[in-house]
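Read off the chains here:
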Amino acid sequence: MLHAKLDSGDTALVSELLRSRKAGHTLPAQLYTSEAAYQADCDAIFSRHWIAVGVDCDVEEPGDVIAVDIGTSSILILRDDEMNIRAFHNVCSHRGARLVPPGRSVVGKLVCPYHQWTYDLDGALALAPHMGLDFERDLHHLKPVALQSVGGILYACLSDDPPEDISDLINIVGERLKPYDLQNAKIAHETETIEDGNWKLTMENNRECYHCASNHPELSLSFHSADFGFDPEGLSPSERAEAETLANAYAEKALVWEGAGLDHAPIEHTVGFPTNFRTQRLIIAGLGESHTMSTRAASTIPLGQMTMPGAGDLHLWGINSWNHVMNDHAVIFTAMPISADKTLVRTKWLVHKDAVEGEDYDLETLTAVWNATNKEDAHLVAIAHQGVSSQGYRPGPYSRYTERALDEFASWYVERMTANGYGA
Amino acid sequence: MLHAKLDSGDTALVSELLRSRKAGHTLPAQLYTSEAAYQADCDAIFSRHWIAVGVDCDVEEPGDVIAVDIGTSSILILRDDEMNIRAFHNVCSHRGARLVPPGRSVVGKLVCPYHQWTYDLDGALALAPHMGLDFERDLHHLKPVALQSVGGILYACLSDDPPEDISDLINIVGERLKPYDLQNAKIAHETETIEDGNWKLTMENNRECYHCASNHPELSLSFHSADFGFDPEGLSPSERAEAETLANAYAEKALVWEGAGLDHAPIEHTVGFPTNFRTQRLIIAGLGESHTMSTRAASTIPLGQMTMPGAGDLHLWGINSWNHVMNDHAVIFTAMPISADKTLVRTKWLVHKDAVEGEDYDLETLTAVWNATNKEDAHLVAIAHQGVSSQGYRPGPYSRYTERALDEFASWYVERMTANGYGA
Amino acid sequence: MLHAKLDSGDTALVSELLRSRKAGHTLPAQLYTSEAAYQADCDAIFSRHWIAVGVDCDVEEPGDVIAVDIGTSSILILRDDEMNIRAFHNVCSHRGARLVPPGRSVVGKLVCPYHQWTYDLDGALALAPHMGLDFERDLHHLKPVALQSVGGILYACLSDDPPEDISDLINIVGERLKPYDLQNAKIAHETETIEDGNWKLTMENNRECYHCASNHPELSLSFHSADFGFDPEGLSPSERAEAETLANAYAEKALVWEGAGLDHAPIEHTVGFPTNFRTQRLIIAGLGESHTMSTRAASTIPLGQMTMPGAGDLHLWGINSWNHVMNDHAVIFTAMPISADKTLVRTKWLVHKDAVEGEDYDLETLTAVWNATNKEDAHLVAIAHQGVSSQGYRPGPYSRYTERALDEFASWYVERMTANGYGA
C-alpha cells in the first residue's frame, strides 16, 4: 500500500519540496504545513522506522494492554502470560473494529466488542462465532507489529521490513540504560499535550536549547543550555567564564564516570542511519541531582543500581522522542503526529517501582519542571507553525553553533523520505 | 453536473477501490474513509436513488414544511393547500439563499428571507420585487424534487431520471403498510444522533444482529437475533432448542397471518435492483407485542386497523433506512451522510394521531428500547470506523450465516456505483 | 510562488468556473464553496491587490503594533519613531516564528520570542545571538509589505508589484476624507464577527440595500435604501412620492455641498481597474446627522473640520471593505477570508481623538445600529452560503436596478482572477 493516501500529484509535490531544501536552512513551508507532506511523513517516516511508543512498565502484568496511535494507525501493546511484551494492530480481523479503547486496559483474552471474536494474547484467533465449522481461524490471527525494548523503552515499527540498525540502539543505549533498570520502574505520572504545530517543529524545538534562557526559567535551573552549543566569539566575559568552568567540570566528570563504568561520550546517528538517535551524559546544573526546581532528587529511592551521586542526566534523542534519565527518575517523551498542524506529546515520569507517592516522592516536586517546560514549548511550537504557515515565510538559516542538530535532523529527514520513495 | 466535486484523479481512485472489492468481504478501507468516496457516494447513491427522507405526518397540515439535508443538498418538503405533499430544492432561484431553516416551519407562501422573492406552495414564483416588469417569473420557479409516499414513508430522488423500480416498493411495501395507516399517525418523538462513522458502516451495522446479544440487552428482550441468521452447526443444545421453537412458531404464525391477510414472506431487492429494500414480518419476542422493555404495547390505541394481536413487527430495510412497524407504534430511521466519517441518524416514533401522551402512551416507555439501542449502535459504528481508518485494517470475511445481507449490500453498492459512472 | 497551494487540476477547475460565469448572474457555486477557489482568491485577489487592513489610528504612538491576517498571511503594522507607519510580514527571518501575537502590542524593538532575534522598527535585524561574527544581518531584515494610508485608512499589498492605480484612490478618496482628519481620530470601539460564508457573499451582501427594508430595521432609520437603486416601474404611489422627494433633496444638497467644497458625485472604479472602489456622498435619513437609532450625532465633537450640518455620509466601498464617514464618527469595515466558508468582519468606530467616552459620546448609542446590522448581515450571508452549497443552486439573475453593483463586482472579480493567472 505504498503512498496509499497520496495521489501522484501529491507525491510529486512532496518530492519537489524535499529536493528544494537548502542545506543549513529550515525546511520549505509546505513540508511543515501541507496535508500531502503529513501523509507522506506518516507513510515514509512513521510507518517505516522504529518509533518510540512507550515503556516496558506501561504493561507491568500479564493482560495489561495499552493502545497507541502512530499516525493513522492504532496499535496495541500487551504483556502476555509468559511476560513477553507484544504488539499488534488494534484492528479486529473480522470487520475491522478497534479491539481495545485508547489508554490502558486489563484483559484475559482480547475480545472484540463488536461480535466477540476472541484472540489469545499471542494474537491467535481462538473463537469466531457463526463463521462455520470449516472457517480457517489460522488465517485470521491478529497482525503483529515489530517491537523492541531498548533498556525499558519500547520502539515499534509498522513495516514488515524494519530497519536493521535498531541493533545499534540496543547495543549502545540499551547498555547505558542497564544500571537504571527501567524495566523495574513504574509510571508515577503521565500527561498528554497537543501542540498546535507540525511534528517536525516539535522535534526541532527539542533539539536545541538556544531558546531555553528566555523561555524556560524552570528548566534552566538544572540544565546547562551551553551543552547544546554556543557561539564562542559571541560570549560576554561572564558567559565565557561560565563556559570554561563547565568545560573543566566535564573533563573532571569524565574521569569519575569512566571510573564508575558509566559511558558518557556523545554518540550520534543521524544522516546515513535509518534509526536516528543521539545519546550523551550531561552534568545537571545547580546541586546536580535532578531536573527539579531545587535541582535535588525528587525520589528518595534511586532507579536500579544508581546510588552513585553525580551520575548526571543520561540524555537520549530519537526520531520522535527525547528522554532524560537521572538517578532518581526518568522523563520519557514521545511525539506523535495527529495532523499536519497537531502533534501529541506524551510525557511519562518514571520512578523506582517500590517508591511510594507521598512517602518517597512528591508528585508536584517530581513533575514541576517538565510540566512548565512542556507548556512553554507548546507555545513556541505554535508560533513557529503559525509563522511557517504565513506567505512571508522563507527557509531561514540555522546557527552553526546552537542549531547544528536541527540541520542534521532536517538532512536526515530528507534522506529518509528519499530512501522511502519521495524526493528522488 | 456529473462528479461535480471530484477531479479525474479522485474518480479514478474510487473506481479502482470499487473494482478491488473482494466478494464475501468488507469493503476496502478508503471506500469508508476517503473524501473522494464520500463525494462519490453523495453523487452516485444519494443523488440518483430513492432516499428515505421522512414520513407523511412530518407535514400534517397545509403550509407545514420540513427541511431535510441529503448529502450536500438541502430540500424542503411541504403540504400544499390541496393536501399534496411536494418537495423542492431549498434554494431561492434569485441569489441561492436557503428558503426555510433546518427543522419544521409553517408558512402561507414560501418567502425568501433575503429579498422577499415569494413562491406559491406549488413552487411558482409569485413575486420578485425590483426585477422589472419584463421579468419572466415562469423561468424562476422552485426546482422540484421527485417524491413518493410509500404507505406513509417518504422517499425523494434528486435525479431528473429517478429509478423506475420505486413501483416495486410501492406495490410490495405500500400494500403491507396499508392496514397501519401511517398517513394518519403522528410523530410522538424524534431524535437525531450523529454517529462517528461512514454511512455504509451505519447501514452494515443495522443489517445484522450478530452483534445484538452482547451489545443490545434492551433490544434483545423483544427481538429474536436468530431472525437475522445463525450458524446451525455452532449452536449449543439450548440454542438449538430455541431455534427449533422459533422455527415452529414461524410455521404456525404463517397460517395465522395468511388467514388475516397479512403478508409476511421475506422479499429482498438488492443486487440487480436500483431501489434496495427488504421486508419481512417478524415475531416479537417475550410477550410479543412491541419493542418495549416489557415487550407489551406502548400505546393503547393501535395504528390503523391493527387490532389483531400477534401481528408482529413489519420490518423494512432500505438504502438509508430501517423501520419497525408494530401494532401500536412504528419506529422509522433514516441515515444521512454528513462527511466521510459522520452520519446523521434520525429516529421517529409514530403512534396513532389520536393517541394522547400521558394518557394513551408514556414517552419513556415508548422510546426506551431504541434510545438505548441507538446509543449502543453509535458506539459500535465509531469503533468500526476507527478500525477501518487504521493502516492495520484489511477487508475481513463476512459470516455466510449472520452477515449475508451485508455481503449483498456491499455487492449492491459496488454495482450501483459502477452503474452511475464509477468503477467501470 | 504562483499558485503555491494549488495543483494544476485545481487551477484548471477555478479557470473553468471563471470562464463559465454568465453575465448578469451570480457566480457558479464552486467559486463560493471550493477550497480551490478559496486558495485562488487568497493568491490572485488578496496577495496581489490593495487590501484594506486598518486605520492610521490603530497605531497612534511610536512602538504601537497590530498584527493583521490577510488570507494565509500574517502581517504586522507599526508606527516607527519618526511617526511613519510601516508594514512587515509577521515572520521572523530565522525559524519563521510569528513575531507579534494577534491584536495590539507596544514594543521598543521587535524581539522574536523564540530566540531573541531583534529587529529595529524599520525592519533591520539589529541582533541575532549565536549566529557568529561573520553573519550577514543585512540579508535577514524583515520582509516589508507595501502600505498606503488613504485619508487615514490603511491599505496593504502583499505583492512586490502592487497595482499602480492606488494613486486614484489617494487622489479621489484621500481628498474627500481630508476634512474628516481621520489621522487624528481614535478607535472608540472594535468588534470582530465571523460570518459563516464566503468573502464574496459578504461583499455582495454589502453592495446592495435590496435586502435592507426587510432585514435591517435599525439601519433603515438613517439609510435611504433607494440610494442603492430601485425598479422605477415597481413602486407603489407612496414609494414613488418618496423617491421623488429624495431626488429633489439630492439636487438641493448638491448645491450646498458644492458650496462648501464637499465632493459628492458617485465615482466608481470596477471593471478595468485593479483597485476596485466606489465613493459617493449620501443623505442621511431622519434627522440626517448620523447612523444612530435617533439619526442624531453620537459624538458631540465633530471629526476634523466637519462642523457644517448636513454633510451626510461619505460612503466608500472597496475590494474587502465598506465605510461610512459622518460628521461625528466613522464606521470602518474590513472583510478577510478565513476559509472558503468563513469570513472575518472587523468593525471599527472612530471618533475625534479628544472625545471622551461617557462625556462626549455614549458607546451604546454610537454602536447600536451597526452592531445590530452586522448581526443581521451575518445571518443573511450564512443562509446565502448554505444555499449556494446545495446541489439545487444555479446562478440566479441580478436585478438590473438594485444589484447592478453586484454584477459589476462579479465581473471585476472574474477579470482580476483572469489577469492574475486564472480563467484565461
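Residues numbered from 1 in each chain as written. Chains lettered and ligands numbered in written order. Predicted model: local features only at pLDDT ≥ 70, side-chain atom pairs only at ≥ 80, totals over all residues. Heavy atoms only, no water.

1. With respect to the overall build of chain A
Regarding its fold elements, chain A presents 9 helices and 17 strands. For a compact globule of 424 residues, the expected C-alpha radius of gyration is about 22 Å, and chain A comes in at 22 Å, within 12% of that figure. Its C-alpha atoms give chain A principal-axis dimensions of roughly 80 × 55 × 35 Å. Within chain A, buried positions represent 60% of all 424 residues. Nonlocal contacts in chain A, meaning residues at least 24 apart in sequence, comprise 67% of its contacts between residues at least 6 apart. Of the roughly 15,700 Å² that chain A leaves accessible, carbon and sulfur atoms contribute 52%. Considering chain A, the positive charge centre built from 32 side chains and the negative charge centre built from 60 side chains are found 3 Å apart. (Helix = DSSP H or I, 4+ residues; strand = E, 2+ residues; numbered from the N terminus. Rg over C-alpha atoms; globule rule 2.2 N^0.38 Å. Buried < 20%, exposed > 50% of the residue type's maximum accessible area, 1.4 Å probe, protein only. Contact = heavy atoms within 4.5 Å. Areas by Shrake-Rupley, 256 points an atom, 1.4 Å probe, with all protein chains shown as cover. Lys, Arg positive; Asp, Glu negative; His and termini not counted. Charge placed at Lys NZ, Arg CZ, Asp CG, Glu CD.)

2. A few points about the pattern of salt bridges
Residues and elements named next belong to chain A. Taken as a whole and judged by the stated rule, the model has 57 salt bridges over all chains. With a shortest N-O distance of 2.8 Å, arginine 346 and glutamate 192 are connected by a salt bridge. Here arginine 346, found in strand E17 (residues 342-352), pairs with glutamate 192, found in strand E11 (residues 185-195); they are 154 residues apart in sequence, far enough to count as distant. Residue arginine 346 is classed as buried on the basis of its relative accessible area, which comes to 11%. (Salt bridge = Lys/Arg side-chain N within 4 Å of Asp/Glu carboxyl O.)

3. Let's talk about the packing of helix H1 (residues 8-19) of chain A against helix H3 (residues 35-44) of chain A
Residues and elements named next belong to chain A. Interhelical geometry of H1 versus H3 gives an angle of 85° and a closest axis separation of 9 Å. Classified by the interaxial angle, the pair formed by H1 and H3 is roughly perpendicular. Facing H1, whose interface residues are Asp10, Leu13 and Val14, H3 presents Ala36, Ala37 and Ala40. Counted by class, the contact of H1 with H3 contains 5 nonpolar, no polar and 1 charged residues. (Axes fitted to C-alpha atoms, helices over the stretch in contact; angles between N-to-C directions. Parallel < 35°, antiparallel > 145°, perpendicular 65-115°, else oblique. Nonpolar A, V, L, I, M, F, W, Y, C, P; charged D, E, K, R; others polar.)

4. Considering the relation of the copies chain C and chain B
Once chain C has been moved 0.0 Å along the axis and rotated by 120°, it coincides with chain B to within an RMSD of 0.0 Å. Taken together, the rotation and translation describe the operation of a three-fold axis. For chain C, the residue whose C-alpha comes nearest the rotation axis is C:Gly9, separated from it by 5.2 Å. (Least-squares fit on C-alpha atoms with pLDDT ≥ 70 in both.)

5. Regarding the environment of B:Glu289
Residue and element names in this part refer to chain B. On the secondary structure map, glutamate 289 appears in the loop between strand E13 (277-282) and strand E14 (313-318). Sequence separation between glutamate 289 and aspartate 328 is 39 residues; the distance between their C-alpha atoms is 8.2 Å. Setting aside chain neighbours within four positions, we find glutamate 289 in contact with Ile284, Thr295, Arg296, Ala297, Met326 and Asp328. Among the polar contacts listed, one links the side chain of glutamate 289 to the backbone nitrogen of alanine 297, at a separation of 2.7 Å. (Polar contact = N/O pair within 3.5 Å; in protein donor to acceptor, adjacent residues only side chain to side chain.)

6. A closer look at the interface of chain B and chain A
Facing the 33 residues of chain B at the interface are 30 residues of chain A. Taken together, the two surfaces of chain B and chain A that pack against each other cover about 2,700 Å², and 51% of this comes from carbon and sulfur. Of all residues in chain B, the largest losses of buried area upon contact with chain A belong to B:Tyr210, B:Gln391 and B:Pro397, amounting jointly to 24% of the total for that side. Remark: the boundary between chain B and chain A carries 4 salt bridges. Put simply, B:Arg400 and A:Asp134 hold a salt bridge, and the shortest N to O gap is 3.2 Å. Linking chain B to chain A there are 21 residue pairs in polar contact (both at pLDDT 80 or more). Within the residue set of the side of chain B that touches chain A, elements represented by two or more residues are helix H5 (199-206), helix H6 (212-215) and helix H8 (363-388) of chain B. When its residues are assigned to classes, the side of chain B that touches chain A shows 11 nonpolar, 15 polar and 7 charged. (Buried area = accessible area lost by both parts, 1.4 Å probe.)

7. Some details on the domain arrangement of chain A
Note: interface size is frequently given as the accessible area lost on complex formation between the parts. All names here are of chain A. According to the domain assignment, chain A consists of domain 1 (58-162) and domain 2 (179-419). Taking the mean C-alpha position of each, domain 1 and domain 2 sit 32 Å from one another. Of the residues lining the interface, 12 residues belong to domain 1; the matching set on domain 2 comes to 14 residues. A buried area of about 890 Å², summed over both sides, lies between domain 1 and domain 2, and 51% of it is on carbon and sulfur atoms. By the criterion of area lost to domain 2, the three top residues of domain 1 are Asp58, Ile153 and Tyr155, representing 37% of everything that side buries. Residues glutamate 190 and arginine 104 are paired through a salt bridge, measuring 2.9 Å at the closest nitrogen-oxygen approach. At the junction of domain 1 with domain 2, the criterion picks out 2 residue pairs in polar contact (both at pLDDT 80 or more). Among the elements that line the side of domain 1 that touches domain 2, the one with the most residues is strand E2 (residues 64-70), at 3 residues. (Domains from an automatic or database assignment.)

8. So, the environment of A:Asp313
Residue and element names in this part refer to chain A. Structurally, the position occupied by aspartate 313 is in strand E14 (residues 313-318). The class of aspartate 313 is buried, set by a relative accessible area of 1%. Sequence separation between aspartate 313 and serine 238 is 75 residues, and the spatial gap between their C-alpha atoms is 25 Å. Discounting residues that sit within four places of it in the chain, aspartate 313 has contacts with Phe223, Gln280, Arg281, Leu282, Ile284, His291, His324, Val325 and Met326.

9. A look at the packing of aromatic side chains
All names here are of chain A. Evaluated as defined, the whole model comprises 30 aromatic pairs over all chains. Where phenylalanine 223 meets phenylalanine 228, the ring centres are 5.3 Å apart and the plane angle is 80°; that geometry is what we call edge-to-face. Overall, the relative accessible area of 8% leaves phenylalanine 223 in the buried class. Accessibility expressed as a relative area gives 13% for phenylalanine 228, which makes it buried. Taken together, the ring pairs in this structure connect Phe46, Trp199, Phe409, Trp412 and Tyr413 into an aromatic cluster. Positioned above the aromatic ring of tryptophan 257, the side-chain terminus of arginine 281 is 5.9 Å from the ring centre. (Phe/Tyr/Trp six-rings, centres within 6.5 Å; stacked < 30°, edge-to-face > 60°. Lys NZ or Arg CZ within 6 Å of the ring centre and 35° of its normal.)

10. Topic: the nonpolar core
Counting 127 residues, the largest nonpolar core has A:Val53, A:Ile77, A:Tyr413, C:Leu110 and C:Trp117 as its most contacted members. Leave out the neighbours within four places in its chain, and A:Tyr413 touches A:Leu18, A:Leu27, A:Leu31, A:Asp41, A:Ile45, A:Trp199 and A:Lys200. Counting 125 residues, the second largest nonpolar core, distinct from the first, contains B:Ala44, B:Ile153, B:Tyr180 and B:Leu344. (Core = buried A, V, L, I, M, F, W, Y, C linked by side-chain atoms within 4.5 Å.)

11. Remarks on the sheet that holds E2(A)
Residues and elements named next belong to chain A. The antiparallel open sheet is built from 4 strands, whose spatial order is E4-E3-E2-E5. At either end of the open sheet lies a strand with only one pairing partner, and these are strand E4 (85-89) and strand E5 (103-106). Shown here is a sheet whose adjacent strand axes are inclined to one another by a mean of 25°, direction ignored. For E2 and E5, the ladder comprises 4 bridges, and the chain directions are antiparallel. Note that in E5 the partner of valine 65 across the bridge is serine 105. (Pairing = 2+ DSSP bridges.)

12. Here we look at the UniProt feature "domain: Rieske" (unreviewed entry) in chain A
Per the UniProt record, the feature "domain: Rieske" (unreviewed entry) sits at residues 50-156 of chain A. Taken end to end, residues 50-156 of chain A is 0% helix and 41% strand, and its first and last C-alpha atoms sit 5 Å apart. (UniProt positions renumbered as here; feature names shortened; annotations may be inferred.)

13. Some words on the sheet that holds strand E16 (residues 330-339) of chain B
Residues and elements named next belong to chain B. A sheet is described by the order of its strands in space; here 7 strands give the open sequence E11-E17-E16-E15-E14-E13-E12, paired in antiparallel fashion. Lying at the two open borders of the sheet, with one neighbouring strand each, are strand E11 (185-195) and strand E12 (267-269). Sheet twist, expressed as the average angle between the axes of neighbouring strands with direction ignored, equals 15°. Pairing of E16 with strand E17 (residues 342-352), which is carried by 9 bridges, proceeds in the antiparallel orientation. Pairing of phenylalanine 333 across the sheet is with threonine 347, part of E17. Together, E12, E13, E14 and strand E15 (321-325) form the strand contacts of helix H4 (residues 166-177), whose direction differs from that of E13 by roughly 20°.

14. Remarks on the confidence of the model for chain A
Any residue range with low pLDDT should be treated as having predicted coordinates unsuitable for detailed reading. Mean pLDDT over chain A works out to 96, with 99% of the residues at or above the 70 mark. This prediction of the complex comes with two scores: 0.94 for pTM and 0.94 for ipTM. (pLDDT = per-residue confidence, 0-100.)

15. Observations concerning the pairing of E2(A)
Residue and element names in this part refer to chain A. Counted residue by residue, E2 has 6 buried out of 7 residues, so it is predominantly covered. Where E2 meets strand E3 (residues 73-79), 6 bridges bridge the pair, whose relative direction is antiparallel. Considered in E3, the bridge of alanine 67 is made with leucine 76. Counting the residues between successive antiparallel strands, the hairpin from E2 to E3 contains 2 residues, one of them, glycine 71, with a positive phi of roughly 55°.

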